[in-house]
Every structure is written in structure tokens, then in C-alpha cells.
Amino acid sequence: MNSKRSKFLIFPILICIFFLSACQTHLNRVQDCKTGDWNLIGAKDGEKGLALEFDERKQLCAEIDASKINIESARQYQAGWEQGNERFWLDLGAADGRAALPISQFEFQLISSKVRDRKTPVNRLAYESGWRQGRTVYWRTLGEQDGSAGASLDIERQRATEGEKIGFDASSYREGWSNGNFLYWEKIGYTDAHEGVSNSYLSTRAAQAQSKNLRVREDAYNNAWNKEIIEYWKRLASQDATTGRDVNTRRADAKQRNLKFSEEEYKRAWEQRLIDYWRDVGKEDGFGKRNFLEERMANARRDNVFVIPQTRDVYQQAWGESNARFCDLANAFEYGRRVAQFDFYVCFEPKQNQLRRAWHNGREFEIVLRKQKENQDELERLASRRNEHERRLERLERDIRKDAEDKNRPVNPETAAIDKRRDKERQELQESIARIHPRIEDAKKWDYRYARELQELKREVLQ
């Protein structure tokens, strides 16, 4: 059942897609007419694999803008179409060549829906030219993949056998393999430097490679290694700056490991990390804590960090900026709302009284806000109760009127009791509504007062 339903749903979707595509094609053709570039119009048709359609195009364009049609239009269209048709077959051949399909695939393309449905004029030479280009790309790409995977050039014989049906392109394969082999040694050089392995280890790697008949590219290895070793020392410098190590430690370490030491880059990264460190702790201390610069500098070695010439300036600036954000009246107000501890003593003394008032205003704000919420809840409850009473009273009044207008209604003790009960209920509802009304009005007044009070508490802080 679900399968049938899916088919019914898919069919109209496909129809919509078809019509949208057709509509877009028509709009594109209209735009082509307005442009009036007949060479381009022909090229578009040819690239799509369409047959010559000058007459159809001319008929449409005559309705759009006949001034763009002249005696040269047919010749220009023909020239553009020939170029486009050649591109169509070149691309088709190139795709088949890249896919390692034999050149005989051309015969299958002739009966394919892509060609058959469009009645595409055949251009075997263009297809074969594209196919050869695609085949070149295929062998170059495959060679690069083999080379970058660390395969020796001995694999060429295997690839030649595998590709016999399409024809082995030895020069393209070797070109790709050479590029891949370069990438292979680049990757090894990068990995060694990234892990802190000395480039002297290249001799061992080269011996291993030669034993496998693999070409060694020392230039590729050294280029990658020399670039990455700098990044290696910069990463270590960032770690060392906050773990108690310095340039002297790493200089000795590099010598012991016979590893090239990028001292200047190390120093810059080490120093930058400490600048960031002192900025971060200054920022952290400044937001609610006193200035701990002297204690932090005295305990730097215990904390595995270092004091540098910029320490004092960086910390003080960050502490001052963060302290200014902390000692802001709006911030004190928010602390008061949360009833969170606010250490006024870390702020400049002239401002401490204002901050205390802001904190207390924040605390009072939450109290008033809670009262306002309770009052609003009560207002909502009273309004709901009044509305319910009014609806009941309306139904009751309707029933009373209906019975009063009923001339056939019997007059007996039973109906008299019903009338009496209804009168009593009506009176009770009216009295209840009357009692609720002033309570609602009173709650509205309190809501207004609370709103004014909240505004005033905020205004005092923001002035």
C-alpha cells in the first residue's frame, strides 16, 4: 500500500520538475534573444548536444526582439554551434577516458539516450581527441596515487598489464608517479619534523626506500621538514612557557637529540604565550578580585611560569579593563538581582557607595518583581473566575427568558421550585461578580505601581 502511494506521489513531483526545467529553458532562450549574440546561442545549443536549431531560435527571437536578427545571424549561429558540438563530443570523450573506458565506448555513446534523444550530430574526431586527453589524465592521476602511496616504479609493469584494453600511457603515468613520489617524501619529512625526529634520520629512511627500489627525494623531504620543524618548536614553546621550561632547556634538548633548533621562532612563541598568560590572569583577577600582580610575580616559578619584561604592563592593563567591567553599576545591579556576593572593596572608593546602592536596588528589584508576578497571577485568577461567572449568568438568564416566553410551560410546584432556585443562583452570581470586580481593579492598580517601582529602581542605576 505504501509502495503504491509512493509511486502516486513521485509521478506528480517528476511532472513538476519537468515543467520547471522547461520553463527555465524557455526563460534562458528569451534572455538569449534579448542579448542577440548568435555565436553564443549556437555554442549553447551545440554544447547541449542539440542539432542545428537556427530556424526555431529565429522564430522565437522574432517575437522577442526582431532587431537582433540580421543576415549574419545564421552564419554566426552555425559557427558557434560547430564549436559547441565539438565541445560536447570532447567532453564526452574526456569523461570516458578518465573513467578508463576503451575508445570503442564511442559506439555505445551513439546509441545512448543522451545522444539519441537529442539527435546529436556525430563528431568522432572530437570524441577521440577528448578521449585521449581523458586517458592522459587517468594515467597521470593513477601514477600520482601510486607514487604518493609509496609504491616503487616497478608497479608500472602491473599497471601496464591492467590497462592494456585502453592503452598504457607510460609518459603520463611516470609523470604522475614522479609527482606522487615527491608528495610521499614531503609527507614523511612533515611527519618526522612534526614529531620532533631529526632530519639525520633521512639516511635510514633512504636506505629502506632504496632496498624497495623506491626513488628517494631528499629535496622534497628536506623542504617539508625544514618548514614543519619551525612549527614544532613554536608548539613546544607555547607549552613550555606555562610548564616551567625555557630556551636553555630546549637548546640542550635539541643538542642531545641532534635536532635543528629554531631558537628565534621558539623565543617569540614562548614570549607570546607568556604575554597571553599574564593578560588572561589579569583579566580573571580584575573581574571581582583585588590586584594580585605582586603575589603572582613572586610565585611565578612555583606556578611554572615566567616573569618577562612585559608582565607588569600586560597584567595591569588587563586587570584595569576587567575591573572597570566588574565595577559597573549595571553589573552590581545584576549581582544584586541574583543576591550574589559583590566585593565592593576591589573597586575605587569614590564609587563604592554607588555600587552598594545599585546592588541593593537589584536585590529590591527581584523582590518587587516577585510581588508583581504574584499579583499578576492573582489578577489572572480573578479575571478567569469573573469570566466564568459571567458565562454562567448569561446561560442562566437565557434559560429564564426562554421559560418566561414559553406559554405552554406548566405552572406547578415543580416549576416554581426551579424558578426559585434559578433566582437564587442568579443573585449569588451577581453578588460574586460584584465582589470580584473591585479586587480586579485593585490588582490592576498594584500592577501599575509595581511596574513604576521596577522602572524607578532601574533608572537610579542607569542615570
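Structure report, in brief. Being a predicted model, the structure only gives us computed values, none of them experimental. Note that residues are indexed from 1 along each chain, following the sequence as it is written. Selection of residues for local features in this predicted model requires a pLDDT of at least 70, selection of side-chain atom pairs for listing and counting requires 80 or more, and totals for whole chains, interfaces and linings are taken over all residues. To obtain the side-chain values, all non-hydrogen atoms of the structure were included, while hydrogens and water were left out.

Some thoughts on the environment of Glu349
Note the threshold: Counting from the N terminus, the helices are DSSP H or I runs at least four residues long and the strands are E runs at least two residues long. Remark: exposure states derive from per-residue accessible area (1.4 Å probe, protein chains only) relative to the maximum for the residue type, with buried under 20%, exposed over 50%, and partly exposed in between.
Mapped onto the secondary structure, Glu349 falls in helix H17 (residues 349-405). Using a relative accessible area of 63% as the deciding quantity, one classes Glu349 as exposed. Spatially, the C-alpha atoms of Glu349 and Glu374 are 38 Å apart, while their sequence positions differ by 25 residues.

Structural notes on the packing of aromatic side chains
As a reminder, the rule being used: Only centres within 6.5 Å qualify two rings of Phe, Tyr or Trp (six-membered ring in Trp) as a pair; their planes then separate them into stacked at under 30 degrees, edge-to-face at over 60, and tilted for everything else. By definition here, charges over rings are those cases where NZ of Lys or CZ of Arg is within 6 Å of the ring centre and within 35 degrees of the ring normal.
Enumeration over the complete set of coordinates arrives at 24 aromatic pairs. Here Trp139 and Tyr173 contribute two aromatic rings whose centre-to-centre distance is 6.5 Å and whose plane-to-plane angle is 75°, an arrangement assigned as edge-to-face. With a gap of 34 residues between them, Trp139 in helix H7 (residues 124-148) and Tyr173 in helix H9 (residues 170-194) connect regions that are remote in the sequence. With 6.4 Å between their ring centres and 75° between their planes, Trp233 and Tyr266 make a pair best called edge-to-face. On the criterion of sequence distance, the pair formed by Trp233 in helix H11 (residues 218-240) and Tyr266 in helix H13 (residues 263-286) is long-range, its members being 33 residues apart. Tyr266 matches Trp233 in its accessibility class, with the two residues each being buried. Through a chain of ring-to-ring contacts, three or more aromatic side chains come together here, namely Phe287, Phe326, Tyr335, Phe342 and Phe344. One cation-aromatic arrangement involves Arg338 over Tyr335; the distance from NZ or CZ to the ring centre is 4.7 Å. Its guanidinium or amino end placed over the ring of Trp446, Arg449 lies 4.6 Å from that ring's centre, counting from NZ or CZ.

Some thoughts on unusual backbone geometry
In this model, Ala100 sits at a positive phi of 60°, which is unusual for a non-glycine residue. Looking at where Ala100 falls in the secondary structure, it is placed in the loop between helix H4 (73-98) and helix H5 (105-110). The exposure class assigned to Ala100 is partly exposed, which follows from its relative accessible area of 26%. Within the chain, Asn304 stands out as a residue other than glycine whose phi angle is a positive 60°. Relative to the helices and strands, Asn304 resides in the loop between helix H14 (293-298) and helix H15 (311-326). Overall, Asn304 belongs to the partly exposed group, its relative accessible area being 37%.

So, the packing of H9 against helix H10 (residues 202-211)
Helix-helix packing: each pair is described by the crossing angle between the helix axes and the interaxial distance. For clarity, the threshold we go by: Note on geometry: axes are C-alpha line fits, over the in-contact stretch for helices, and angles between N-to-C directions span 0 to 180 degrees. Left-handed describes a crossing in which the near helix is turned anticlockwise from the far one by less than a right angle; the clockwise case is right-handed. By definition, residues are in contact when any of their heavy atoms lie within 4.5 Å. Following the grouping adopted for this structure description, the nonpolar residues are Ala, Val, Leu, Ile, Met, Phe, Trp, Tyr, Cys and Pro, the charged ones are Asp, Glu, Lys and Arg, and the polar ones are all others, Gly among them.
Direction vectors running N to C along H9 and H10 enclose 145°, while the axes themselves pass 12 Å from each other. The interaxial crossing formed by H9 with H10 has right-handed handedness. Touching Trp185, Ile188 and Asp192 of H9 are Leu202, Arg205, Ala206 and Ala209, all from H10. Partitioned by chemical class, the residues of the contact of H9 with H10 number five nonpolar, no polar and two charged.

Here we look at the state of the cysteines
Defined as follows: Disulfides are defined in this document as cysteine sulfur pairs within 2.5 Å.
By the definition in use, this model includes two disulfides. Sulfur-sulfur distance for the disulfide between Cys33 and Cys61 comes to 2.0 Å. Where Cys33 bonds to Cys61 through sulfur, the torsion about that S-S bond is close to -75°, and the disulfide is left-handed. Of the two residues, Cys33 sits in helix H1 (residues 2-35) while Cys61 sits in helix H3 (residues 54-65), which places them 28 residues apart along the sequence.

A few points about the nonpolar core
Applicable threshold: Put simply, a nonpolar core is a bunch of buried Ala, Val, Leu, Ile, Met, Phe, Trp, Tyr and Cys residues held in one set by side-chain atoms that sit within 4.5 Å of each other.
Counting 54 residues, the largest nonpolar core has Trp89, Trp185, Trp233, Trp270, Leu274 and Trp278 as its most contacted members. Taken together, the elements giving at least two residues each to this core come down to H4, H7, H9, H10, H11, helix H12 (247-256), H13 and H15. Contact partners of Trp89, with chain neighbours within four places excluded, come to Phe106, Gln109, Leu110, Val115, Thr120, Pro121, Val122, Asn123, Ala126 and Tyr127. The next biggest cluster of nonpolar side chains, apart from the first, holds 19 residues, and it includes Ala332, Cys347, Ala358 and Val461.

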